[in-house]
Amino acid sequence: MAIRSLFVTKLYEARLPRAAALNAELAHAMRVTARDDAAGRRWSAEKNYPGYTSYASLNDLSWRAPAFATLQEALDEHVALFARDLDFDLGGRALSLDSLWINIVKPGGQHTGHIHPHSVISGVYYAELPEGAGGLKLEDPRLAMMMAAPPRKARAATEQRTFHYVRPRAGDILLWESWLRHETEPNQAKADRLSVSFNYKWG
């Protein structure tokens, strides 16, 4: 008898060295950007976003503040490592940053389940994550096909569970393939949760 694990879904986790200084610069740049980005604040209000996001208003953060450019350099390296581990055949081309945006989520706010179409690798970097701010919830991509499956045991192995919860810290980078459905948990802290999300494309 043999039982093999097939079609592995991977999550890349890393921590930036000496992140405290970068996080302070990022947090300042994020708040300044939020203050000045009237279009982003308007879009956030129209879409009932629980705070501010530059998702639909700005796509040049790396040019706006050195902290974002520094972050992008680090992300490029980590995404390249992840792509290598995934055995992507990129045909001699590297994955490139397609979008990078700010998330300032107020207490009580969350972002429900979604994917990132038209991208290859997506991820998030945490700049400020106060105690209780919530983490990331990842969903088994087979869930929609499990019509008659019984629930998993409470002590099921990590790779057997229907959902996986990540408890990040400020300075952490998380990467996953963009088709993987995910959501942010409610921010139960008394302060804002600050993160930077991003997508990488091929070609």
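Please refer to the structure placed before this passage.
Residues numbered from 1 in each chain as written. Predicted model: local features only at pLDDT ≥ 70, side-chain atom pairs only at ≥ 80, totals over all residues. Heavy atoms only, no water.

### A few points about the overall build of the protein
And then number 1: The helix and strand tally for the protein stands at four helices and ten strands.
And then number 2: The globule rule puts the C-alpha radius of gyration for 203 residues at 17 Å, and the 18 Å found for the protein is close to it.
And then number 3: Here the C-alpha coordinates of the protein stretch approximately 60 × 45 × 35 Å along the principal axes.
And then number 4: Split into buried and exposed, the 203 residues of the protein put 42% on the buried side.
And then number 5: Intrachain contacts of the protein at a sequence separation of at least 6 include 85% that bridge at least 24 residues.
And then number 6: Accessible surface computed for the protein: about 12100 Å², of which carbon and sulfur atoms make up 53%.
And then number 7: Looking at the protein, you have 25 positive and 23 negative side-chain charges, and the mean spots of the two groups are 5 Å apart. (Helix = DSSP H or I, 4+ residues; strand = E, 2+ residues; numbered from the N terminus. Rg over C-alpha atoms; globule rule 2.2 N^0.38 Å. Buried < 20%, exposed > 50% of the residue type's maximum accessible area, 1.4 Å probe, protein only. Contact = heavy atoms within 4.5 Å. Areas by Shrake-Rupley, 256 points an atom, 1.4 Å probe, with all protein chains shown as cover. Lys, Arg positive; Asp, Glu negative; His and termini not counted. Charge placed at Lys NZ, Arg CZ, Asp CG, Glu CD.)

### Section: the sheet that holds strand β7 (residues 163–166)
Adjacent strands of a sheet form backbone hydrogen bonds with each other and so pair up, either parallel or antiparallel.
And then number 1: Ordered in space as β4-β9-β6-β7, the four strands form an open sheet in which the pairing is antiparallel. Looking at which strands have only one partner, the edges of the open sheet turn out to be β4 (111–114) and β7. The mean inter-strand angle of the sheet, taken between neighbouring strand axes irrespective of direction, is 15°.
And then number 2: One ladder, built from three bridges, connects strand β6 (residues 136–139) with strand β9 (residues 182–184); its direction is antiparallel. Across the sheet, the residue bridging to Leu 136 is Thr 184, located in β9. (Pairing = 2+ DSSP bridges. Axes fitted to C-alpha atoms, helices over the stretch in contact; angles between N-to-C directions.)

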